[in-house]
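Close look at the chain arrangement
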Amino acid sequence: MEKPIPRAGPGDAVVRTTKALICTSDSHTVAGGIGPRENLTLGHEAVGIVHEVGSDVKGFQPGDRVLVGSITPDWGDPASQNGFPSQAGMPLGGFKFANSKDGVFAEYFHVNEADANMAKIPDDISDDLAVYCADMLSTGFMGAEKGNIPIGGTVAVLALGPVGMMAAAGARLRGAGLVIGVESVPQRQELARAYGVDEIVDFTREDVVERIMELTHGEGVDTAIEALGMDATFQTAIKITKPGGTVSNIGYFGEGEFVRIPRVEWGVGMADQTITSGLCPGGRLRMERLLRVLQAKRIDPTRMTTHEFAFEDMERAFEVLDKKLDDVIKPLISF
């Protein structure tokens, strides 16, 4: 559809999109995972060129090449000041694109609080590379950061989609000694090994809990990262985490009213397990740090780009990801 080009308020910016990625959470949104939404442009992972800045914007000007985090908080909100900017205004309140405002699958998109929510892309980083920082690196790394991984510790990542792979890579960067991935798709298994997974457990061929307990000599893992968002997977995470360990949830639970915790493996409530959750961190500082990781060549997320589409082929691109066609992992959109 045709919509007018957004206008920048005093502290805001308008960005002309150059590259974007489609996320499985876009499918969840269409399916009603965050409630009914109408007439909102989809998309939350993009980079582009600054088209317009508001009168109060100090750090950017038209023509700058920028990365915008998928989460764009209101930084003066009490939740932000309390250390939880992704929850500014309400639960998931920092998640504005395709939730409370138009997203990035458009020729131009609006960015609130531009000085705090955009980052300049260094000249030696391509748009194809930088766009992964908007969500995949930020969310995956968050799973490792919140996982309390001890140096040399054991980590299991449940589901090796793009976020799961980045969680595995993040676990390596945090010093994990053993990274176990749970995945059944051969292509994803192979790529996950390149991102630091040591052992693969195929849930279609073996009992996940038994195999992980075997790999950890009966102890369980220090950290289980739930990267899928399913009740059964979350229960598995509890079962494989040792007493005193951490379950780090980064999965999007798009259906079902409840998530169950297995009582016995939870130590009937007293196993000293920590359960953490989080929404992709946003903000300029976060994006600058992730870009620095790319500059240092610690990781190459573009290996996950299995398909490329022009903007006019967006509907086909969305279908390919939604239906998991052609061994897709991540589709890149060029504008």
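Residues numbered from 1 in each chain as written. Predicted model: local features only at pLDDT ≥ 70, side-chain atom pairs only at ≥ 80, totals over all residues. Heavy atoms only, no water.

Brief notes about the packing of aromatic side chains
Applying the stated criterion across every chain yields a total of 3 aromatic pairs. Geometrically, the ring pair formed by Phe-234 and Phe-253 is edge-to-face, given 6.3 Å between the ring centres and 80° between the ring planes. With Phe-234 in helix H9 (residues 231-240) and Phe-253 in the loop between strand E10 (241-249) and strand E11 (274-277), this pair connects stretches of sequence that are 19 residues apart. Judged by its relative accessible area of 7%, Phe-234 falls in the buried class. Owing to a relative accessible area of 26%, Phe-253 belongs among the partly exposed residues under this scheme. Its guanidinium or amino end placed over the ring of Phe-60, Lys-120 lies 5.9 Å from that ring's centre, counting from NZ or CZ. (Phe/Tyr/Trp six-rings, centres within 6.5 Å; stacked < 30°, edge-to-face > 60°. Helix = DSSP H or I, 4+ residues; strand = E, 2+ residues; numbered from the N terminus. Buried < 20%, exposed > 50% of the residue type's maximum accessible area, 1.4 Å probe, protein only. Lys NZ or Arg CZ within 6 Å of the ring centre and 35° of its normal.)

Quick notes on the sheet that holds strand E8 (residues 199-201)
Across the sheet, which stays open at both edges, the 6 strands sit in the order E8-E7-E6-E9-E10-E11 with parallel pairing between neighbours. Of all the strands in the sheet, just E8 and E11 have a single pairing partner and so form its edges. Each adjacent strand pair in this sheet contributes to an overall mean axis angle of 20°, direction not counted. Where strand E6 (residues 154-158) lies against strand E7 (residues 178-182), 5 bridges are found, and the strand directions are parallel. Bridge pairing in E7 places Leu-158 opposite Val-182. Packing against the sheet, helix H8 (residues 208-215) makes contact with E6, E7, E8 and strand E9 (221-226), and its axis sits at approximately 160° to E8. H9 contacts E6, E9, E10 and E11 of the sheet and is inclined by roughly 150° relative to E10. (Pairing = 2+ DSSP bridges. Axes fitted to C-alpha atoms, helices over the stretch in contact; angles between N-to-C directions. Contact = heavy atoms within 4.5 Å.)

Focus: the nonpolar core
Ranked by internal contacts, the top residues of the largest apolar core, which has 48 residues, are Leu-137, Val-157, Met-165 and Ile-299. Counting only elements with at least two residues in this core, the list comes to helix H4 (127-130), helix H5 (136-145), E6, helix H6 (162-173), helix H7 (186-194) and helix H10 (284-295). Discounting residues that sit within four places of it in the chain, Val-157 has contacts with Gly-164, Ala-167, Ala-168, Val-179, Ile-180, Gly-181, Val-182, Ile-225 and Ala-227. Of all hydrophobic cores here, the second largest spans 25 residues; its members include Ala-13, Phe-309, Ala-317 and Leu-321. (Core = buried A, V, L, I, M, F, W, Y, C linked by side-chain atoms within 4.5 Å.)

Topic: the side chain of Thr-17
As for its position among the elements, Thr-17 is in strand E1 (residues 13-21). Residue classification places Thr-17 among the buried residues on the basis of a relative accessible area of 3%.

Some points on unusual backbone geometry
The phi dihedral of Asn-39 falls on the positive side, at around 60°, and the residue is not glycine. Structurally, the position occupied by Asn-39 is in the loop between helix H1 (24-30) and strand E2 (45-53). With relative accessibility at 64%, the residue Asn-39 sits in the exposed group. Although it is not a glycine, Glu-113 sits at a positive phi angle of roughly 45°. Looking at the element boundaries, Glu-113 is found in the loop between strand E4 (108-111) and helix H3 (114-117).

Describing the environment of Gly-32
With respect to the helices and strands, the residue Gly-32 is situated in the loop between H1 and E2. In this structure Gly-32 comes out as partly exposed when scored by relative accessible area, which is 34%. Separated by 222 residues in sequence, Gly-32 and Gly-254 have C-alpha atoms that sit 7.7 Å apart.

Section: the side chain of Asp-202
Within the secondary structure, Asp-202 sits in the loop between E8 and H8. In this structure Asp-202 touches Glu-183, Ser-184 and Gln-189, once residues within four positions along its chain are discounted.

Quick notes on the environment of Asp-127
Within the secondary structure, Asp-127 sits in helix H4. Other than its neighbours up to four places away in sequence, Asp-127 contacts Thr-18, Lys-19, Val-47, Arg-65 and Ile-121. Here Arg-65 takes part through its side chain, which lies 2.6 Å from a polar atom of the side chain of Asp-127. (Polar contact = N/O pair within 3.5 Å; in protein donor to acceptor, adjacent residues only side chain to side chain.)

Some words on the pattern of salt bridges
Considering all chains together, one arrives at 17 salt bridges under this definition. One salt bridge in this structure joins Glu-319 and Lys-323, with 3.2 Å as the shortest N-O distance. Exposure remark for Glu-319: the relative accessible area of 30% places this residue in the partly exposed category. Looking at Lys-323, the relative accessible area reads 52%, which means it is exposed. Here the salt bridges do not stand alone but share partners, grouping Glu-206, Arg-211 and Glu-214 into one network. (Salt bridge = Lys/Arg side-chain N within 4 Å of Asp/Glu carboxyl O.)

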